[in-house]
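# Structural characterization, general
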Amino acid sequence: MADMTSRPLTVGFDLDMTLIDSRPGIHATYTALAERTGTFIDADLAVTRLGPPLAEELVHWFPAERIAEVSDLYRAMYPEIAITATPAMPGAREAIAAVRDAGGKTLVVTAKYEPNAKLHLGHLGIVPDAVVGDLWAEQKAVALREHGAGVYVGDHVGDVRGARTAGALSVAVATGPCDAGELRAAGADVVLTDLTELPAWLDRYRADGHRADGHREDGHPEDGYREDAARA
């Protein structure tokens, strides 16, 4: 076995409503999609439930036999409409920088179509070490394990499930459709208000003798690590 204490610190991040506020861009794209297809889409409602794959939203508005066709159309329209309309979430750049300053690597794992995810990050000047798209909930564990991520940061209960499936520490931010109570109930190890709190949390976590690859400095794996909500 490789020496566990030599593994690099690797922190994974979700994209929508974790690193980026994708509501304006997605709302505009759904509005344009409705106009193009002549199909009613409640864009206001759709942006309150971001996180799951595109197809899971489209089934509310289109028959099953059209989902593949409409998904392709949405993804083709998306870059021109959504990229420049989408800002970074507060603290996003600082969170990525905090991991780098600690000598670590960053990974984005998202359910979003990977080429569009990369366009968002490039436009905003957020440059993780790797980006993996088209994975949702427990499927995210595949990429987290492949890249050796011991911490996964996300805003949705699906992100919590992905982290736990991968054996990673689940750090949740209450900036998306799931509130702090839902995130804790789903099994999040730490719940932060938003990413502005992550650099200080990471400092505390490492100062307490924990490493962001999911092991303590003595090389032993974490066993149900949870930070007191009052400190988080």
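Preceding this paragraph is the structure being described.
Before going into details, it helps to say that this report is about the structure given with it. Residue numbers run consecutively from 1 along every chain, following the written order of its sequence. Selection of residues for local features in this predicted model requires a pLDDT of at least 70, selection of side-chain atom pairs for listing and counting requires 80 or more, and totals for whole chains, interfaces and linings are taken over all residues. Processing note: side-chain calculations cover all non-hydrogen atoms of the structure and skip hydrogens and water entirely.

This next bit is on the side chain of S22. Tracing the backbone shows S22 in the loop between β1 (10-13) and α1 (23-37). Judged by relative accessible area, S22 falls into the buried class, the value being 0%. In this structure the side chain of S22 is engaged in a polar contact, spanning 3.4 Å, whose partner is the side chain of D16. In what follows, residue pairs with any heavy atoms lying within 4.5 Å of each other are defined as contacts. Those residues within four positions of S22 in sequence are excluded, and the remaining contacts are D16, M17, L50 and T86. Starting at the N terminus, helices and strands are each numbered in turn, a helix being any DSSP run of H or I of at least four residues and a strand any DSSP run of E of at least two. Relative accessible area decides the class of each residue, using a 1.4 Å probe on protein chains only: under 20% of the type maximum gives buried, over 50% gives exposed, and in between gives partly exposed. Any N or O atom pair separated by 3.5 Å or less is treated as a polar contact, with the protein-specific requirement of one donor-capable and one acceptor-capable atom, and with residues adjacent in sequence counted only for side-chain atom pairs.

As a further point, take helix α10 (residues 198-207). Count 3.6 residues to each turn of an α-helix, and residues three or four apart come out pointing the same way. Regarding α10, the residues found buried are L198, W201, L202 and Y205. Around the axis of α10, the buried residues are gathered within 100° of arc, so they sit on the same side. Within α10, the exposed residues directed more than 90 degrees away from the buried face are D203 and A207. In this structure, the buried residues of α10 make contact with β1, α5 (92-101), β4 (151-154), β5 (169-173) and β6 (190-192). G209 sits one or two positions beyond α10 and adopts a positive phi of about 90°. In this description, one arc is meant: the one made by directions from the helix axis to the C-beta atoms.

Taking burial as the measure, the five residues of β5 include five buried ones, the bulk of the element. Every second residue of β5 is oriented toward a common face, with L169, V171 and V173 on one face and S170 and A172 on the other, all of them buried. Note on pairing: DSSP must find at least two bridges between two strands before they are called paired. Pairing analysis gives four bridges linking β4 to β5, with the strands arranged parallel. Bridge pairing links G154 to A172 in β5. Note on handedness: a clockwise path from strand one over the helix to strand two, with the strands aimed away from the viewer, defines a right-handed crossover. Taking the sense of rotation as the criterion, the β-α-β connection linking β4, helix α8 (residues 157-166) and β5 turns out right-handed. With three bridges connecting them, β5 and β6 associate as parallel partners. From the neighbouring strand, V171 faces β6, where its bridge partner is V190.

Between Lys or Arg on one side and Asp or Glu on the other, a salt bridge is scored when a side-chain nitrogen of the former is within 4 Å of a carboxyl oxygen of the latter. Following the criterion strictly, the structure yields nine salt bridges and no others. Here D21 and R23 are joined by a salt bridge, their closest N and O atoms 2.8 Å apart. Since its relative accessible area comes to 14%, D21 is described here as buried. Taking relative accessible area as the criterion, R23 reaches 37% and is therefore assigned partly exposed. Among the ionic pairs, E138 bridges to R161, the shortest N-O distance being 2.8 Å. Taken as a pair, E138 in the loop between β3 (130-132) and α7 (140-146) and R161 in helix α8 lie far apart in primary sequence, 23 residues in all. One network of salt bridges, with partners in common, ties together D14, K140 and D159.

The values reported here are purely geometric and, on their own, carry no functional implication.
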